[in-house]
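# Results of the structural survey
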Amino acid sequence: DQQVKQNSPSLSVQEGRISILNCDYTNSMFDYFLWYKKYPAEGPTFLISISSIKDKNEDGRFTVFLNKSAKHLSLHIVPSQPGDSAVYFCVAGDNAGNMLTFGGGTRLMVKP
Amino acid sequence: EPEVTQTPSHQVTQMGQEVILRCVPISNHLYFYWYRQILGQKVEFLVSFYNNEISEKSEIFDDQFSVERPDGSNFTLKIRSTKLEDSAMYFCASTRGLWDEQYFGPGTRLTVT
């Protein structure tokens, strides 16, 4: 089941530069999208979300872009900081609002 | 800041035994969830729970699984007869309303031997 796909299992970025994490989805019923980050031995932590009626949402250093026609979203982190090093999950929710569908995750490493 | 808590952090059990994983959701949240992540695989939805009943469940959530909110604060996941393939990290989550972000607990690592 590959309804939400993160094609890059890992990404390495220099501190201060931009990190771009990408995600593709196949299910047209997905109504909203979220990014979660996860540190080892912790549960996923909510980062930012976007409704399917928007194409951009910004919160501080984090911006999520949604291209609904391409079924693609991306998370931009700028500037990247070493504390951003974590696994980032692209997550989709359907219009029933019950379950979340996770991508496989991208491990981001921000080097000082 | 309020958080979801889970106990135990690690549970080891023998195949065929029953296990109960416990969660305390955030106090004013109304919707509760269980997810699991088998090592090296994706986080998968198991079940959602609202108003003392299951709202939705996945194919994974078969008759061996059950959920309960016994006392208004705890939310439990029971696996009646564990199998080796039930070994995974189990995450509890809660939210105030549908389409709000779900808050996840730190997880319980279940190891079935």
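Quick note: structure is the one above.
Structural notes, computed from the coordinates. Because the structure is predicted, anything quoted here is derived from the model rather than measured. (Residues numbered from 1 in each chain as written. Chains lettered and ligands numbered in written order. Predicted model: local features only at pLDDT ≥ 70, side-chain atom pairs only at ≥ 80, totals over all residues. Heavy atoms only, no water.)

## Some points on the overall build of chain B
Within chain B, the secondary structure is distributed over zero helices and 11 strands. What you see in chain B, going N to C, is helices and strands ordered as β-β-β-β-β-β-β-β-β-β-β. Computed over its C-alpha atoms, the radius of gyration of chain B comes to 13 Å, within 12% of the 13 Å expected for a compact globule of 113 residues. Projecting the C-alpha coordinates of chain B onto the three principal axes gives extents of approximately 35 × 30 × 25 Å. Counting the 113 residues in chain B, one finds 46% classified as buried. (Helix = DSSP H or I, 4+ residues; strand = E, 2+ residues; numbered from the N terminus. Rg over C-alpha atoms; globule rule 2.2 N^0.38 Å. Buried < 20%, exposed > 50% of the residue type's maximum accessible area, 1.4 Å probe, protein only.)

## Some thoughts on the pattern of salt bridges
All names here are of chain A. Under the definition given, this model contains three salt bridges over all chains. Note that Lys 56 is salt-bridged to Glu 58, the shortest N-O span being 4.0 Å. Given a relative accessible area of 42%, Lys 56 falls into the partly exposed group. Judged by its relative accessible area of 52%, Glu 58 falls in the exposed class. (Salt bridge = Lys/Arg side-chain N within 4 Å of Asp/Glu carboxyl O.)

## So, the interface of chain B and chain A
Across the boundary between the two partners, chain B contributes 17 residues, which contact 23 residues of chain A. Note on chain B versus chain A: buried area summed over both sides is about 1,700 Å², and carbon and sulfur give 58% of it. Here chain B is connected to chain A by zero salt bridges. Where chain B touches chain A, the interface holds three residue pairs in polar contact (both at pLDDT 80 or more). (Contact = heavy atoms within 4.5 Å. Buried area = accessible area lost by both parts, 1.4 Å probe. Polar contact = N/O pair within 3.5 Å; in protein donor to acceptor, adjacent residues only side chain to side chain.)

## So, the sheet that holds strand E3 (residues 19-24) of chain B
Residues and elements named next belong to chain B. Pairing in this open sheet of four strands is antiparallel, and the strands run E1-E3-E8-E7 from one edge to the other. The sheet is open, and its two edges are formed by strand E1 (5-7) and strand E7 (65-68), each paired on a single side. Along the sheet, successive strands turn relative to each other by an average axial angle of 20°, direction set aside. Relative to E3, E1 runs antiparallel, the two sharing three bridges. Opposite Thr 7, over in E3, you have Arg 22 as the bridge partner. (Pairing = 2+ DSSP bridges. Axes fitted to C-alpha atoms, helices over the stretch in contact; angles between N-to-C directions.)

## Thoughts on the packing of aromatic side chains
Aromatic ring pairs are defined here through the distance separating the ring centres and the angle between the ring planes. Overall, the coordinates contain 18 aromatic pairs over all chains when judged by the stated rule. Both rings, one in Tyr 25 of chain A and one in Phe 33 of chain A, keep their centres 4.6 Å apart while their planes meet at 40°; by these two values the pair is tilted. Between the aromatic rings of Tyr 35 of chain B and Phe 45 of chain B, the centroid separation amounts to 5.7 Å while the plane-to-plane angle is 70°, which identifies the pairing as edge-to-face. Of this pair, Tyr 35 of chain B sits in strand E4 (residues 31-37) while Phe 45 of chain B sits in strand E5 (residues 43-50), and the two are 10 residues apart along the sequence. Site record: aromatic cluster; members linked through ring pairs are Tyr 36, Phe 46, Phe 89 and Phe 102 of chain A together with Tyr 33, Tyr 35, Phe 45, Phe 91 and Phe 104 of chain B. (Phe/Tyr/Trp six-rings, centres within 6.5 Å; stacked < 30°, edge-to-face > 60°.)

## Brief notes about the sheet that holds strand E3 (residues 19-25) of chain A
Residue and element names in this part refer to chain A. Sheet architecture is open: five strands sit in the order E1-E3-E8-E7-E6, paired in antiparallel fashion. Where the open sheet ends on each side, the last strands, each with one partner, are strand E1 (4-5) and strand E6 (56-59). With six bridges joining them, strand E7 (residues 62-67) and strand E8 (residues 72-77) adopt antiparallel strand pairing. Note that in E8 the partner of Leu 66 across the bridge is Leu 73.

## Digging into the environment of Gln 102 of chain B
Structurally, Gln 102 of chain B can be placed in the loop between strand E9 (88-95) and strand E10 (103-104). In this structure, the C-alpha to C-alpha distance between Gln 102 of chain B and His 29 of chain B, residues 73 residues apart in sequence, is 9.7 Å. In this view, Gln 102 of chain B contacts Tyr 36, Asn 98 and Leu 100 of chain A together with Tyr 33, Tyr 35, Ala 93, Ser 94 and Thr 95 of chain B; residues no more than four positions away in its chain are not counted. A distance of 2.8 Å separates polar atoms of two side chains, one belonging to Gln 102 of chain B and the other to Tyr 35 of chain B.

## A word on the state of the cysteines
All chains considered together, the criterion is met by two disulfides over all chains. Each disulfide pairs two cysteine sulfurs, and for Cys 23 of chain A the partner residue is Cys 90 of chain A, the sulfurs being separated by 2.0 Å. Taking the torsion about the S-S bond as the criterion, the Cys 23 of chain A to Cys 90 of chain A disulfide, at about -75°, is left-handed. Pair noted here: Cys 23 of chain A is in strand E3 and Cys 90 of chain A is in strand E9 (residues 86-94), with a separation of 67 residues, a long-range link. The exposure class of Cys 23 of chain A is buried, given its relative accessible area of 0%. Across the disulfide, Cys 23 of chain B is cross-linked to Cys 92 of chain B (sulfur-sulfur distance 1.9 Å). What sets the handedness of the Cys 23 of chain B and Cys 92 of chain B disulfide is the S-S torsion sign, and at about -60° it is left-handed. (Disulfide = S-S within 2.5 Å.)

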